[in-house]
Amino acid sequence: MLENENLIDIFKRSLATTIKSIGKTKDVEISFVAENPSINGKEINLSIPSISSIKNNLNYVRGEADAMALELRLHNSKIHLKYLGSNNTVNQIFNVIEQSRVEAMGSFIFQGIKSNIFKKHNIDIKEKISKENNNDLIDAFKYVSYGELTNQNLSGNYSYYKKIIKNKLGNQYSKYFQCLKNNINNQEEYANQINSMLDNLGLLNSIGENNPDIDSLDQENNESHNKENQLKEEKFEGKSENDSSAKTQKTTTTKEQEEIGDESVENEIDYFTNIEYLKKENNYRSYTKEFDEIIDAEELCDLKELERLRLSLDQQVFSFKPLIAKIANRLQRKLLALQNRQWEFNLEEGYLDTARLARIVANPNNKLSFKKEKNIEFKDTIVSLLIDNSGSMRGRPITVAALCADILARTLERCLIKTEILGFTTKAWKGGKSREKWIHNGKPSNPGRLNDIRHIIYKNGDTSWRRSKKNLGLLLREGILKENVDGEALIWTFNRLQRRQEKRKILIIISDGAPVDDSTLSVNPGNYLEKNLKESIEKIENKSDVDLIAIGIGHDVSRYYKKAVTIMDVDQLGEVLLNELSNIFTPQNKLNVN
């Protein structure tokens, strides 16, 4: 019993710490009540947690705390009170739609919060009884506005509530919610949109009149919230995660499925400690990731076309292939030599050592001698080859890069070394849908990366070369190669490697120049992408468990990378690539840098 009480106390402290961290305030007063959880300024009343709720319904408890923490951080009470009037039902509708804005913004930043609030709403909605009344209308606006702003469908009575709102809004349904989405990071304009919607529905009475309670608000709290609402569109601008969740990088690890025990409760709250939102405002960012994708090569064209492109690849570099194959065989011999077998002798168990049976014949009192195979340490290794898929690589550079990747994967597979082959480019020239959205939203200044990036998986680390070889033909497909955002591609590849279980991790990038994306560079500082590339490289090179090597084709990349090789003739790529791998696998041998 005492142990359970300690667990609950630990959990309460963890929740309080989490709320203060997300809410970005230290002077919030947090209490725990038996019923009616609420927030009033900086006073928060949470439901009292129990052992049952912690172990069986953790997401619900978290969701309640998350919603209140987000209100602390992202909601300005002074702005909100300006739009409240004397009609209680209208005020409640206004409150729940504003709360949906806060929860949606938080969901775009924190993967854990998105999951917790979504699950909390699903649990709540199942307890609702469907019958037409004012409370039902309030609930309908609450759940439907949340669902539309986050592009998610709730369970239970959600379809019933959605029908209510569609009946109210008619053919203006999509327009109203799109307007709310477009202003999700601007509370004042968002409130005006709610005001307009309620007015058109005939629900508006005294809303919009000045409220005398405004002047009594805590001034310090208002200033803090005003700063939050002045944030530029760093993370919130239409960042629909559902539309591309199957193809966007999943770098955030959630812990919703873990069992909660005495030692793990505090860890369950720690997913807030490295939140991306705490980055400085002038750091690298993307305007929206809604249109980004991570995609398998075979999804970009049909099987027949892949086979045709693969045949074309083989035919174009037929004369070049034997030289690279010869170098690959040399690398293979070197790697296999590192895995020679050795034996331990004079053991009491293992394989019978037949070479020493003569001792038994000479003297039957001698014991049998056994031996056991001893493996020289050869670390499990994953090699990730990242190929620049920009338009400037078109022609022989991308053809040779594809062939070298192909031969490298086959060679290392024979040596039991896993490989993955990845590519990076953009989905469109000149910005694509990201730029269109930026223009539609009034061209806010310093938008950050302003193009739809595409990361391509030609071969993942656990797929055999034979199953993936046709995918490399995609590199020859007209229209695939566009612009290049190197920094984000490096971090994407690095994160993939970090999730691998191999002891040795090698990342090789093949590129023919600095990052270039005209759409981004036209509305940001001229060194914006280059600065991000340097920051990404620094992050990876400071991690001792990843070896980062760069091969520049016709471009000196040594000013970016510590380990770099520059080649002026693309036909040198195969030899350089395999030689550098040979060097890195040679014990006590450093990389040769030309």
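In case you missed it, the structure is sitting above this.
Here is a short report on the structure shown in this document. (Residues numbered from 1 in each chain as written. Predicted model: local features only at pLDDT ≥ 70, side-chain atom pairs only at ≥ 80, totals over all residues. Heavy atoms only, no water.)

Focus on the overall build of the chain
Argument step 1. When helices and strands are tallied, the chain shows 22 helices and 13 strands.
Argument step 2. Within the chain, counting contacts between residues at least 6 apart in sequence, those at least 24 apart form 77% of the total.
Argument step 3. Just so you have it, the chain exposes about 28700 Å², and 45% of that area is on carbon and sulfur atoms. (Helix = DSSP H or I, 4+ residues; strand = E, 2+ residues; numbered from the N terminus. Contact = heavy atoms within 4.5 Å. Areas by Shrake-Rupley, 256 points an atom, 1.4 Å probe, with all protein chains shown as cover.)

Digging into the sheet that holds strand S13 (residues 564–567)
Argument step 1. The strand order S4-S10-S9-S8-S11-S12-S13 describes an open sheet built from 7 strands, whose pairing is mixed. Two strands close off the open sheet at either side, each with one partner strand: strand S4 (293–296) and S13. Strand-to-strand twist in this sheet, taken as the mean axis angle between neighbours without regard to direction, amounts to 20 degrees.
Argument step 2. Pairing analysis gives 7 bridges linking strand S11 (residues 504–511) to strand S12 (residues 546–553), with the strands arranged parallel. Of the residues in S12, the one forming a bridge with Ile-510 is Ile-551. (Pairing = 2+ DSSP bridges. Axes fitted to C-alpha atoms, helices over the stretch in contact; angles between N-to-C directions.)

Some points on the nonpolar core
Argument step 1. Of all hydrophobic cores here, the largest spans 63 residues; its most connected members are Ile-19, Ile-44, Leu-46, Leu-70, Ile-97, Phe-141 and Ile-165.
Argument step 2. In this structure Phe-141 touches Ile-93, Val-96, Ile-97, Ile-165, Met-197 and Leu-201, once residues within four positions along its chain are discounted.
Argument step 3. Counting 45 residues, the second-largest nonpolar core is a separate cluster that includes Ile-295, Leu-408, Val-576 and Leu-581. (Core = buried A, V, L, I, M, F, W, Y, C linked by side-chain atoms within 4.5 Å. Buried < 20%, exposed > 50% of the residue type's maximum accessible area, 1.4 Å probe, protein only.)

Observations concerning the sheet that holds strand S1 (residues 29–33)
Argument step 1. In space, the 3 strands of this open sheet follow the order S1-S3-S2, with mixed pairing throughout. Lying at the two open borders of the sheet, with one neighbouring strand each, are S1 and strand S2 (38–40). Along the sheet, successive strands turn relative to each other by an average axial angle of 15 degrees, direction set aside.
Argument step 2. Two strands pair when backbone bridges link them, and S2 and strand S3 (residues 43–47) are joined in this way by 3 bridges, in the antiparallel orientation. The residue bridging Asn-40 from the neighbouring strand is Glu-43, located in S3.
Argument step 3. Strand contacts of helix H3 (residues 58–74): S2 and S3, with the helix running at about 170 degrees to S3, the strand carrying the most contacts.

Digging into helix H21 (residues 528–541)
Argument step 1. The terminal C-alpha atoms of H21, which comprises 14 residues, lie 20 Å apart, in line with the 20 Å expected from a rise of 1.5 Å per residue.
Argument step 2. Residues of H21 that are buried in the fold lie against helix H19 (486–498), S11, helix H20 (518–521) and S12. (Expected span 1.5 Å × (residues − 1).)

Some remarks on the packing of aromatic side chains
Argument step 1. Tallied over the full model, the rule gives 5 aromatic pairs.
Argument step 2. A centroid spacing of 5.8 Å and a plane angle of 15 degrees characterise the contact between Tyr-83 and Phe-94, whose relative ring orientation is stacked. Separated by 11 residues along the polypeptide, Tyr-83 in the loop between helix H4 (77–81) and helix H5 (88–109) and Phe-94 in helix H5 bring together distant segments of the chain.
Argument step 3. Residue class for Tyr-83 comes out buried when judged on its relative accessible area of 7%.
Argument step 4. An aromatic cluster is present here, built from Tyr-143, Tyr-160 and Tyr-161 joined pairwise through their rings.
Argument step 5. Sitting over the ring of Tyr-190, Arg-101 keeps its end group 5.8 Å from the ring centre.
Argument step 6. When the ring centre of Tyr-173 is taken as reference, the NZ or CZ atom of Lys-166 above it lies at 5.2 Å. (Phe/Tyr/Trp six-rings, centres within 6.5 Å; stacked < 30°, edge-to-face > 60°. Lys NZ or Arg CZ within 6 Å of the ring centre and 35° of its normal.)

Examining the environment of Ala-67
Argument step 1. Within the fold, Ala-67 resides in helix H3.
Argument step 2. Along the backbone, Ala-67 and Glu-103 are 36 residues apart, and their C-alpha atoms lie at a distance of 6.2 Å.
Argument step 3. Ignoring sequence-local partners within four residues, the contact set of Ala-67 consists of Gln-99, Glu-103 and Ile-117.

Remarks on unusual backbone geometry
Argument step 1. For Lys-24, which is not glycine, the phi dihedral falls at a positive 55 degrees.
Argument step 2. The exposure class of Lys-24 is partly exposed, given its relative accessible area of 44%.
Argument step 3. For Asn-151, which is not a glycine, the phi torsion comes out positive at approximately 55 degrees.
Argument step 4. Its relative accessible area of 23% is what places Asn-151 among the partly exposed residues.

Re a nonpolar patch on the surface
Argument step 1. A surface patch of nonpolar side chains, amounting to about 230 Å² of accessible area, comprises Leu-352, Leu-357 and Leu-368.
Argument step 2. Residue placement: Leu-352 occurs in strand S6 (residues 351–352). (Patch = residues over 30% accessible without salt bridge, like charges linked within 9 Å, V, L, I, M, F, W, Y side chains within 5 Å. Salt bridge = Lys/Arg side-chain N within 4 Å of Asp/Glu carboxyl O.)

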